[in-house]
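Coordinate analysis (summary)
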Amino acid sequence: TASPINGLREALSGIAMAEDPATLRLKSRDFFWFSPILKPLLEGREAALVAMPRTRDEVIRIAAAAARHRVPVTVRGGGTGNYGQAVPLEGGLLLDLSGLDRVVWARPGVGRFEAGARLLEIDRALRDQPEASGRWELRFHPSTRKQATIGGFIAGGAAGCGSCTWGQISDPGAVLAVQVVTLEETPRVLELRGSDVLKVLHAYGVNGIITEIEVPLAPWQPWAERILAFPTLGDAARFGWALAAAEGIAKKEIGIFDRRIPPMLKRVAPLMPGGQAMAIVMVSEPQAAALADCAADHGGSVVYERDPEEAEGAAFDGKGTMPPLYEYTWNHTTLHALKVESAITYLQVRFPEGGELALVEAMEKRFGDELLLHLEFQRRFGRVFVSSLPLLRFRSPERLGEIVAEVETMGGAVSNPHTYVLDNAGWKRTDAPQARFKALADPHGLMNPGKLLEQTR
Ligand code: FAD
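Summarised in this report is the structure supplied together with it.

Cut-offs and rules
Residues numbered from 1 in each chain as written. Predicted model: local features only at pLDDT ≥ 70, side-chain atom pairs only at ≥ 80, totals over all residues. Heavy atoms only, no water. Near = heavy atom within 4 Å. Polar contact = N/O pair within 3.5 Å; in protein donor to acceptor, adjacent residues only side chain to side chain. Areas by Shrake-Rupley, 256 points an atom, 1.4 Å probe, with all protein chains shown as cover. Helix = DSSP H or I, 4+ residues; strand = E, 2+ residues; numbered from the N terminus. Nonpolar A, V, L, I, M, F, W, Y, C, P; charged D, E, K, R; others polar. Disulfide = S-S within 2.5 Å. Buried < 20%, exposed > 50% of the residue type's maximum accessible area, 1.4 Å probe, protein only. Salt bridge = Lys/Arg side-chain N within 4 Å of Asp/Glu carboxyl O. 1 Å grid on protein atoms, 1.4 Å probe; cavity = no way out; pocket = protein on both sides within 12 Å on 5 of 7 lines; lining within 4 Å. Points joined across faces, edges and corners; volume = space filled by probe spheres on them. Phe/Tyr/Trp six-rings, centres within 6.5 Å; stacked < 30°, edge-to-face > 60°. Lys NZ or Arg CZ within 6 Å of the ring centre and 35° of its normal. Pairing = 2+ DSSP bridges.

**Some details on the site of the ligand**
Close to the ligand lie 37 residues, the nearest being Val75, Gly77, Gly78, Thr80 and Ala159. Contacts to the ligand include Ala159, whose backbone N or O atom sits 2.5 Å from a nitrogen atom. Within the complex, the protein chains bury 97% of what would otherwise be the 970 Å² of accessible surface of the ligand. Those elements giving two or more residues to the shell around the ligand turn out to be strand E3 (73–76), helix H6 (150–156), strand E10 (209–219) and helix H11 (330–340). In the shell around the ligand, the residues fall into 16 nonpolar, 20 polar and one charged.

Below is the structure:
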């Protein structure tokens, strides 16, 4: 028959495909269910066909055929996005890029990777092939390091473990180059370098298929893990600030948690004294003593420690009973909390420069049991940068809206995680270069339709 999907399927013979109901369902989902608002909107939206290319040439064949048959295309990496970014709103083709998983090359300070390479596997490859000049690693990764791909991180993520030293993906120099395949009858392979990479960064795959990514690498450190307890959230937050500001201590993670959060984190809960605020930290092992001194200055003490070998064994090989501690930070905190309390969801808040710690304490007082603060410290533009993924006990969309409005009145900037529309997501706004690039890379408007309010064709 002459349906576009049938035409596409025929054109793609020889490329791995799936269309059994279980695979279609699985590959059409991400972690949108963190949001009680997105859940009913996105549940059940499914692609008609999944393609699983292994090479760029196969991607080019798929792009050409989808353009010719006018089939919508939604790209997917690990499918760990939180906003339904990878959910195909108009069905069509789900393009699973996780088969493009090679290290293209790696040199001291820089590496080039295929878009479907998982972040943990990139770091494993860099570990197993150290350069003569030492070992390197990705500067930062989301807490979903194990499942997330580097393409998905660039197209749908923001920051993570390592951001307390290296900032975010959108910061100058964080992504050196991106290779993009356009969705046209005769696809082009474009190389975007320097600030041109912003055309596709955090664009939810609406404007081209990213096939390769070049990023700077950081010198590896023997990362030790620590959990610390503090009398109050204010003490823990001041410690987080001091550690983030201490350039002399090499660090990879500074997460700070309200006293009500540790009891919701399965293996962490028994380690924490009741009623205390918590910090989860990764520092270079030789500097663990300096870290403990910094904590003591703020009334904190170490309640759990793991050396670098054991921490790596947990991350790379699943050794031991305690997962890597970064799997309790960033949006993993929300995941653990959701498992014990189904009404939990979250917000994303940035704190205003100069008033960060005062706002932390004001929010703690103002929202009581409705909002439980979880801070993630970052280093950006030469200063400490405080962001938060507070847990929110959801009552209704209206109440959530009120809380967002109130947090903004108090001086916080909220990036709304309860929308799948790119234009609505607060500070992650699309800008003109992205819209212009879409006209060029996706002239038929087939890529991830529905994720942009104003599509430039
Ligand atoms: P996917 O979910 O597959 O895709 C994300 C978006 O990018 C989609 O719109 C997709 O269409 C598009 N896309 C994927 N690959 C390509 C490509 N090659 N070309 C063009 N477009 C593409 N995010 C953070 O930033 N920091 C965190 O610490 C963090 N923690 C998380 C914790 C949990 C428990 C969960 C569930 C999510 C978390 N996230 C976090 C969100 C998400 O895990 C990350 O952003 C991750 O990097 C997404 O990668 P992915 O491969 O799973 O992308």
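**Let's talk about the state of the cysteines**
For the structure on display, the rule yields zero disulfides. Free cysteine: Cys161, not disulfide-bonded; nearest cysteine sulfur from Cys164 at 7.2 Å. Its relative accessible area of 0% is what places Cys161 among the buried residues. Here Cys294 stays unpaired: no disulfide links it, and the sulfur of Cys164, its closest cysteine neighbor, is 12 Å away.

**Brief notes about the pattern of salt bridges**
Scanning the model with the defined rule gives 34 salt bridges in all. For the salt bridge of Glu214 with Arg193, the shortest nitrogen-to-oxygen distance reads 2.9 Å. Here the residue Glu214 occupies a position in strand E10, and Arg193 occupies one in strand E9 (residues 189–193), the gap between them amounting to 21 residues. Residue classification places Glu214 among the buried positions, given a relative accessible area of 7%.

**A look at empty space enclosed by the protein**
In total, this model carries three cavities of 30 Å³ or more according to the counting rule given. In this structure, the largest cavity spans a volume of roughly 170 Å³. Along its surface, the largest cavity is lined by 19 residues, and Arg145, Trp223, Met282, Glu312 and Ala315 are the ones closest to its centre. Counting residues per element, the ones that place at least two in the lining of the largest cavity are strand E11 (223–230) and helix H10 (308–317).

**Considering the packing of aromatic side chains**
Taken as a whole and judged by the stated rule, the model has seven aromatic pairs. A ring pair is formed by Phe34 and Tyr346, whose centres lie 6.2 Å apart and whose planes are at 90°; its orientation type is edge-to-face. One end of the pair, Phe34, is in the loop between helix H2 (21–27) and helix H3 (38–42); the other, Tyr346, is in strand E15 (residues 344–346), with 312 residues separating them in the sequence. Neither Phe34 nor Tyr346 differs from the other in exposure class; each is buried. These aromatic residues form a ring-pair network of at least three members: Phe31, Trp33, Phe34 and Tyr346. The aromatic ring of Trp105 is capped on one face by Arg107, whose charged end is 4.1 Å from the ring centroid. Geometry around Phe316 places Arg127 over its ring, the cationic atom sitting 4.5 Å from the centre.

**Looking at the side chain of Gln348**
Tracing the backbone shows Gln348 in the loop between E15 and strand E16 (349–350). According to the relative accessible area criterion, Gln348 is buried, its value standing at 10%. Side chain to side chain, Gln348 and Tyr83 meet in a polar contact 2.7 Å long.

**With respect to the pairing of strand E8 (residues 177–181)**
For E8, the tally of buried residues reaches five of five residues, placing the bulk of the element in the interior. By the alternation rule, side chains of E8 split into Ala177, Gln179 and Val181 and Val178 and Val180, which are all buried. Two elements, E8 and E10, share five bridges in a ladder whose sense is antiparallel. Its bridge partner lying in E10, Val180 is registered against Ile210. Where E8 and E9 come together, five bridges link them in antiparallel fashion. The partner of Val178 across the bridge, within E9, is Leu192.

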